[in-house]
2 protein chains.
Amino acid sequence: MSRNIKLTIEYDGTDFAGWQVQPNARTVQETVQRAISRITGEPEITLVGSGRTDAGVHARAQVASVKTDTTIPADDLVHAINTQLPEDVAVIDARDVPDDFHARYSATGKTYRYTIINRAVPSPLERNRACLVRRPLDVAAMRAAAGHIVGRHDFAAFESKSGDNSSVRTVTRLDVLADGDRIEMTVSADGFLYNMVRAIAGTLIEVGQGRRTPDSIPALIATRDRAQAGPTAPPQGLCLMEVEYR
Amino acid sequence: MSRNIKLTIEYDGTDFAGWQVQPNARTVQETVQRAISRITGEPEITLVGSGRTDAGVHARAQVASVKTDTTIPADDLVHAINTQLPEDVAVIDARDVPDDFHARYSATGKTYRYTIINRAVPSPLERNRACLVRRPLDVAAMRAAAGHIVGRHDFAAFESKSGDNSSVRTVTRLDVLADGDRIEMTVSADGFLYNMVRAIAGTLIEVGQGRRTPDSIPALIATRDRAQAGPTAPPQGLCLMEVEYR
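Residues numbered from 1 in each chain as written. Chains lettered and ligands numbered in written order. Predicted model: local features only at pLDDT ≥ 70, side-chain atom pairs only at ≥ 80, totals over all residues. Heavy atoms only, no water.

The helix and strand tally for chain A stands at five helices and ten strands. Its C-alpha atoms give chain A principal-axis dimensions of roughly 55 × 40 × 30 Å. The 246 residues of chain A split such that 54% are buried. A separation threshold of at least 6 residues defines the contact pool for chain A, and within that pool the share at least 24 residues apart is 71%. Counting only carbon and sulfur atoms, one obtains 46% of the accessible surface of chain A, whose full area is about 11000 Å². Here chain A contributes 29 positive and 31 negative side-chain charges, whose respective centroids are spaced 5 Å apart. (Helix = DSSP H or I, 4+ residues; strand = E, 2+ residues; numbered from the N terminus. Buried < 20%, exposed > 50% of the residue type's maximum accessible area, 1.4 Å probe, protein only. Contact = heavy atoms within 4.5 Å. Areas by Shrake-Rupley, 256 points an atom, 1.4 Å probe, with all protein chains shown as cover. Lys, Arg positive; Asp, Glu negative; His and termini not counted. Charge placed at Lys NZ, Arg CZ, Asp CG, Glu CD.)

All right, on to the domain arrangement of chain A then. All names here are of chain A. When cut into domains, chain A gives domain 1 (3-97) and domain 2 (108-245). On a C-alpha basis, the centroid separation for the pair domain 1 and domain 2 is 27 Å. Taken together, the contact pairs 16 residues of domain 1 with 16 residues of domain 2. Interface area for domain 1 against domain 2, summed over the two sides, is near 1200 Å², with a carbon-plus-sulfur share of 54%. Linking domain 1 to domain 2 there are two salt bridges. At the boundary of domain 1 and domain 2, one finds ten residue pairs in polar contact (both at pLDDT 80 or more). With six residues, the single largest contributor to the side of domain 1 that touches domain 2 is strand S3 (residues 58-68). Across the side of domain 1 that touches domain 2, the residue classes break down as five nonpolar, six polar and five charged. (Domains from an automatic or database assignment. Buried area = accessible area lost by both parts, 1.4 Å probe. Salt bridge = Lys/Arg side-chain N within 4 Å of Asp/Glu carboxyl O. Polar contact = N/O pair within 3.5 Å; in protein donor to acceptor, adjacent residues only side chain to side chain. Nonpolar A, V, L, I, M, F, W, Y, C, P; charged D, E, K, R; others polar.)

The final tally for this structure, using the stated rule, is ten aromatic pairs over all chains. Each ring, one from phenylalanine 101 of chain B and one from tyrosine 245 of chain B, has its centre 4.8 Å from the other, and the planes form 55°; the classification is tilted. Here phenylalanine 101 of chain B, found in the loop between strand S4 (89-97) and strand S5 (107-118), pairs with tyrosine 245 of chain B, found in strand S10 (residues 238-245); they are 144 residues apart in sequence, far enough to count as distant. Of the two residues, phenylalanine 101 of chain B and tyrosine 245 of chain B, both sit in the buried class. These aromatic residues form a ring-pair network of at least three members: Tyr11, Phe16 and Trp19 of chain A. In this structure, arginine 26 of chain A packs its charged tip against the face of phenylalanine 16 of chain A, placed 4.1 Å from the ring centre. (Phe/Tyr/Trp six-rings, centres within 6.5 Å; stacked < 30°, edge-to-face > 60°. Lys NZ or Arg CZ within 6 Å of the ring centre and 35° of its normal.)

Turning next to the relation of the copies chain B and chain A. Of the transformation superimposing chain B on chain A, the axial component is 0.0 Å and the angular component is 180°, with the fit at an RMSD of 0.0 Å. Both chain copies can therefore be described as sitting about a two-fold axis. Most of the interface of chain B is mirrored in chain A, where 100% of its interface residues are also at the interface. (Least-squares fit on C-alpha atoms with pLDDT ≥ 70 in both.)

The residue alanine 146 of chain B is located in helix H3 (residues 139-149) in this model. Remark: the alpha-carbon pair of alanine 146 of chain B and methionine 185 of chain B, spanning 39 residues in sequence, is separated by 9.1 Å.

What follows deals with the interface of chain B and chain A. Taken together, the contacts link 27 residues of chain B with 27 residues of chain A. Of all residues in chain B, Pro124, Leu125 and Arg127 of chain B bury the most surface against chain A, accounting for 34% of the area lost on that side. Taken together, chain B and chain A are joined by eight salt bridges. Contributing elements (two or more residues each) for the side of chain B that touches chain A: strand S1 (3-11), strand S3 (58-68), helix H2 (74-83) and S4 of chain B. Ranked by residues supplied to the side of chain B that touches chain A, first place goes to S4 of chain B with four residues. When the residues that make up the side of chain B that touches chain A are grouped by side-chain class, the tally is 13 nonpolar, four polar and ten charged.

All names here are of chain A. Most of strand S10 (residues 238-245) is tucked away, with six of its eight residues classed as buried. One ladder, built from two bridges, connects S3 with S10; its direction is parallel. Note on S10: the bridge partner recorded for alanine 59 is leucine 240. Sheet topology places strand S5 (residues 107-118) next to S10; seven bridges connect them, and they run antiparallel. From the neighbouring strand, alanine 107 faces S10, where its bridge partner is tyrosine 245. (Pairing = 2+ DSSP bridges.)

Moving on, we come to helix H2 (residues 74-83) of chain A. Buried residues of H2 of chain A: Ala74, Leu77, Val78, Ala80, Ile81 and Asn82 of chain A, and no others. Close packing links the buried residues of H2 of chain A with strand S1 (3-11), helix H1 (28-40) and strand S4 (89-97) of chain A.

A few words on the confidence of the model for chain A. Considering every residue of chain A, the mean pLDDT works out to 97; 100% of them sit at 70 or more. Reported confidence for the predicted complex is 0.94 by ipTM and 0.95 by pTM. (pLDDT = per-residue confidence, 0-100.)

Moving on, we get to the packing of helix H3 (residues 139-149) of chain A against helix H4 (residues 196-208) of chain A. Residues and elements named next belong to chain A. Interaxial distance between H3 and H4 falls to 8 Å at its minimum, and their mutual angle equals 140°. Of the possible angle classes, the one that applies to H3 and H4 is oblique. Regarding H3 and H4, the two cross each other, and that crossing is right-handed. Each of Ala141, Met142, Ala145, Ala146 and Ile149 in H3 lies in contact with H4, whose residues at this interface are Ile200, Leu204, Ile205, Val207 and Gly208. (Axes fitted to C-alpha atoms, helices over the stretch in contact; angles between N-to-C directions. Parallel < 35°, antiparallel > 145°, perpendicular 65-115°, else oblique. Left-handed = near helix turned anticlockwise from the far one by under 90°.)

To continue, consider the pattern of salt bridges. When the charged atoms of two side chains lie near each other, side chains of opposite charge can form a pair. This structure, assessed with the given rule, holds 38 salt bridges over all chains. Between glutamate 10 of chain A and arginine 119 of chain B there is a salt bridge; the shortest N-O distance is 2.9 Å. You can see glutamate 10 of chain A sitting in strand S1 and its partner arginine 119 of chain B sitting in the loop between S5 and strand S6 (131-133), one on each of two chains. Across the pair glutamate 126 of chain B and arginine 182 of chain B runs a salt bridge, and its minimum N-O distance is 3.0 Å. Of the two residues, glutamate 126 of chain B is situated in the loop between S5 and S6 and arginine 182 of chain B in strand S9 (residues 182-189); the sequence distance between them amounts to 56 residues. The class for glutamate 126 of chain B is buried, based on a relative accessible area of 11%. Of the residues examined, arginine 182 of chain B reaches a relative accessible area of 24% and is grouped as partly exposed. Each of the salt bridges in this network shares a partner with another, and the network as a whole consists of Arg60 of chain A together with Arg113, Glu126, Arg182 and Glu184 of chain B.

Okay, structure coming up:
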């Protein structure tokens, strides 16, 4: 294949079974691959994502790379592919990149946002975009706990399925912002373990509920035991905001 | 009926055929009336809304009043009714009000927000919450035009179906705020004509596109002719934010 193209993709994860292709399920990867195939006429298109997102998780700017021989200019490709996509996913940018660019291996950092609606009654308008927490959360305590998560740590306590690889990551930012009944946690790192953001969110919610103290976080991290951290917060609150490359 | 209760209701209008009961259609009014009936056991519940909203239009805080003999305290009523409601509508507040309170006739003002996503590519995450305008809008021009709309005017040029009543209204606020590719128009008035906000939005979009000048607005208002104003902007960008009472 003569070209390597970097695509930026936005999707509403509500009706997708996540990013990755799987049998008998509607996935973002397969939906976009098929759209590209229809445009380029190449039957075997493989879209390499920066990483998987689970069912219900959203992306403002997922990044994927694809090798193709099409001669359609990158800007035109955006609009052409979008004509073949359903309403809940769109290509928002396309550009030619060097042959060695790989959406996953070339990524140097990612930013996710986890959104909570903190009020006694459900929010129909936010039901697919945020996690509802009915009792008031102590945002200052959550922020203090977040301060203990920032840094280079072994995050095994926040990894749902541990693999053979290192679970050491560097969290460069974990902001907790409150605006009315909305609480947004924005977290950046050089990489994330499986379900890491949702495990952090579930743990910070427990801190906000007074079930853990901010100062208990360093000892929690040191256990490297997923059972010691909070639950995996529900997927609809999570959104992949940005993938960074050098 | 011994009690008059003021309900504040949030809904995602995407899958509703609007507020008002109509045959063979899923409406917010009927959905909430049925939920209340199931809780109070009163078969003939009439929910009086502050006004109708069209299919696809959302509400953060629609207000409705209902007369009932139930002895359930107002706070408990919120949660009880919500157990009977689908995910896309919720009662967010309930309180006892004097017998002469009427959600429509007692209202002294309303605030709507109209949201535009201004970029070349569609936004899957905002597709049901905002209107997409692909070419760049001149927000400063829109803001200047908005200044001519604020005040007490005969808004017949912005009324889709004119009735026998006066079309004079007082717009107390029309803010146009831009944040990245999002443009929000927030408009408050002592009352709104049918489709008035969407006609204002459609007209301000034309100003932003350079198809009208801000200074042409006073003459447009003076025509009192709906055909002279811009098109009715699509419903999904519109959200009823607040209803005011004395």
